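# Breakdown of the fold
The lines below spell out each chain.
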Amino acid sequence: MLVVMQAHATEQQVEAVCEAITNLGLRPHSLPGAQRTAIGITGNAGAIEPGALEDLPGVAEVIPVSKPYKLVSREMKAENTIISFPGSPATIGGKTLAMIAGPCAIESREQAFRIAEHVANSGAQFFRGGAFKPRTSPYAFQGLGEEGLRIMAEIRDRFGLRIVTEALDTESLALVEEYADMIQIGARNMQNFSLLRAAGRSRKPILLKRGIAATLDEFLMAAEYVMSEGNYQVVLCERGIRTFTDHTRNTLDLSVVPAAQRLSHLPILVDPSHGTGKRNKVIPLARAAVAVGADGLMIEVHHQPEKALSDGMQSIYPAQLMQGFEQLRRIAVVLGRSMPEPAGVPHLREVASR
Ligand code: PEP
Ligand code: MN
């Protein structure tokens with residue numbers, strides 16, 4: 001067990017923690033570092049209940065020394081990771097929230113462009129769309145493949161939006177990497193270790209979605225796989241987990257946001273679309289996600305969701321996206337954050353002048 005003190009923790013706070021450890025019948029080992037102090041604990045037969053120490057003043061976190069992940073952890077890097085995108089003002093993990101919106105799947109050029117225009121108008125910096133779709137049924141629409149990627153590359157040129165799209169397997173990864181600005185690893189692949197390693201050898205940022213039954217540790221270990229290969233640009237994304245409740249498609253676990261932020265310096269986004277599976281719950285959960293401190297959102301939007309080839313039930317209408325963003329803008333301010341502003345973005349000026 002290791003108690004990591006906050007960088008600005010005082011000597012008295014360090015001493016108080018050492019005393020609390022002694023009072024538990026254990027032995028503290030205070031190890032001051034250049035940035036901050038870590039206090040190792042010995043003398044325990046089994047696991048120590050961290051609750052007693054976690055809330056003491058000056059404590060950043062209490063972690064088992066046996067913790068297997070390293071590169072993702074705040075121990076390794078105290079400051080938040082901010083990911084930037086060449087040729088774009090967009091960042092993920094900074095003060096401005098990262099907004100990713102678009103259809104579940106690219107269905108046609110016309111469909112994608114219609115939706116992309118709304119996405120650009122909303123101020124979102126990223127356009128999402130699946131070209132390779134992980135579908136439960138082998139008979140369901142599987143995506144347009146490279147044709148879908150080409151359409152998204154055109155959308156980047158036209159609207160200045162950065163492109164996020166999924167790589168379904170190691171075979172399609174190189175192709176996706178060629179076209180995408182950020183490569184998505186889907187929930188079903190969160191523990192596809194060969195794909196994670198391959199993504200780790202890519203130089204493009206990776207959007208890693210939480211597995212449908214993954215614990216936070218498993219989620220972070222998946223990110224560790226990517227980082228262990230040298231790609232440090234990883235963005236986590238909570239997208240709901242499988243539980244017994246059936247009023248939503250998945251249960252959006254918003255508590256994972258502060259929990260992940262406490263343990264890791266990596267940015268974390270929330271996907272309220274897959275997280276709820278229901279159009280009328282997407283914006284309410286998006287509001288909650290911003291309030292809980294997420295670094296951004298991924299939202300499925302479709303101009304004709306009733307005709308969508310995948311995930312129509314959870315795809316919101318463009319007008320809902322616009323209204324939702326207005327509400328999110330006000331929530332973000334409370335937290336000292338901001339939403340991307342459409343007016344200041346060059347692609348919007350271009351759209352407006354057409
Ligand atoms: C998606 O983003 O369209 C998707 C399939 O997500 P997930 O992997 O979270 O189900
Ligand atoms: Mn989808």
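Overview of the structure.

Procedures and definitions
- Residues numbered from 1 in each chain as written.
- Chains lettered and ligands numbered in written order.
- Predicted model: local features only at pLDDT ≥ 70, side-chain atom pairs only at ≥ 80, totals over all residues.
- Heavy atoms only, no water.
- Donors = N, O, S within 2.8 Å, 3.2 Å for Na, K, Ca; no water.
- Helix = DSSP H or I, 4+ residues; strand = E, 2+ residues; numbered from the N terminus.
- Buried < 20%, exposed > 50% of the residue type's maximum accessible area, 1.4 Å probe, protein only.
- Contact = heavy atoms within 4.5 Å.
- Salt bridge = Lys/Arg side-chain N within 4 Å of Asp/Glu carboxyl O.
- Expected span 1.5 Å × (residues − 1).
- Arc of directions from axis to C-beta.
- Pairing = 2+ DSSP bridges.

### Looking at the coordination of the manganese ion (ligand 2)
The protein atoms donating to the manganese ion (ligand 2) are Cys 104 (SG), His 274 (NE2), Glu 300 (OE) and Asp 311 (OD), with metal-donor distances spanning 2.0 to 2.4 Å. Between the donor residues of the manganese ion (ligand 2), the gaps in sequence give the motif C-x169-H-x25-E-x10-D. Taken together, the residues Cys 104 in the loop between strand 7 (98-102) and helix 3 (109-122) and Glu 300 in strand 14 (residues 296-300) connect sequence positions 196 residues apart.

### Here we look at the side chain of Asn 250
As for its position among the elements, Asn 250 is in the loop between strand 12 (234-238) and helix 8 (256-263). Assessed through its relative accessible area of 4%, Asn 250 is described here as buried. Residues within four places of Asn 250 in sequence aside, it is in contact with Arg 239, Gly 240, Ile 241, Arg 242, His 274, Gly 275 and Thr 276.

### Remarks on the pattern of salt bridges
Counting across every chain of the model gives 14 salt bridges. We note a salt bridge from Arg 128 to Glu 300, for which the minimum N-O separation is 3.4 Å. Of this pair, Arg 128 sits in strand 8 (residues 126-128) while Glu 300 is found in strand 14, placing the two residues 172 residues apart along the sequence. Taking the relative accessible area as the measure of exposure, Glu 300 reaches 0% and is therefore buried. Each of Arg 197, Arg 201 and Glu 229 takes part in one network of salt bridges that share partners.

### A closer look at helix 1 (residues 11-23)
With 13 residues, helix 1 extends 18 Å between its outermost C-alpha atoms, agreeing within 8% with the 18 Å of an ideal straight helix rising 1.5 Å per residue. Here helix 1 has its buried residues at Val 14, Val 17, Cys 18, Ala 20 and Ile 21. In a view along the axis of helix 1, the buried residues occupy a sector of 160°, so they form one face of it. Opposite the packed face of helix 1, turned more than 90 degrees from it, sit the exposed residues Glu 11, Gln 12, Glu 15, Glu 19 and Asn 23. Looking one or two residues past helix 1, Gly 25 carries a phi angle of roughly 85°, positive in sign.

### Comments concerning unusual backbone geometry
Here Asp 311, not a glycine, exhibits a phi torsion of approximately 55°, which is positive. By secondary structure assignment, the location of Asp 311 is in the loop between strand 14 and helix 11 (318-334).

### Here's the deal with the pairing of strand 1 (residues 2-5)
Of the two faces of strand 1, the one lined by Leu 2 and Val 4 and the one lined by Val 3 and Met 5 are each fully buried. Here strand 1 pairs with strand 4 (residues 59-63) via four bridges, running antiparallel. Residue pairing across strands places Val 3 opposite Val 62, the latter belonging to strand 4.

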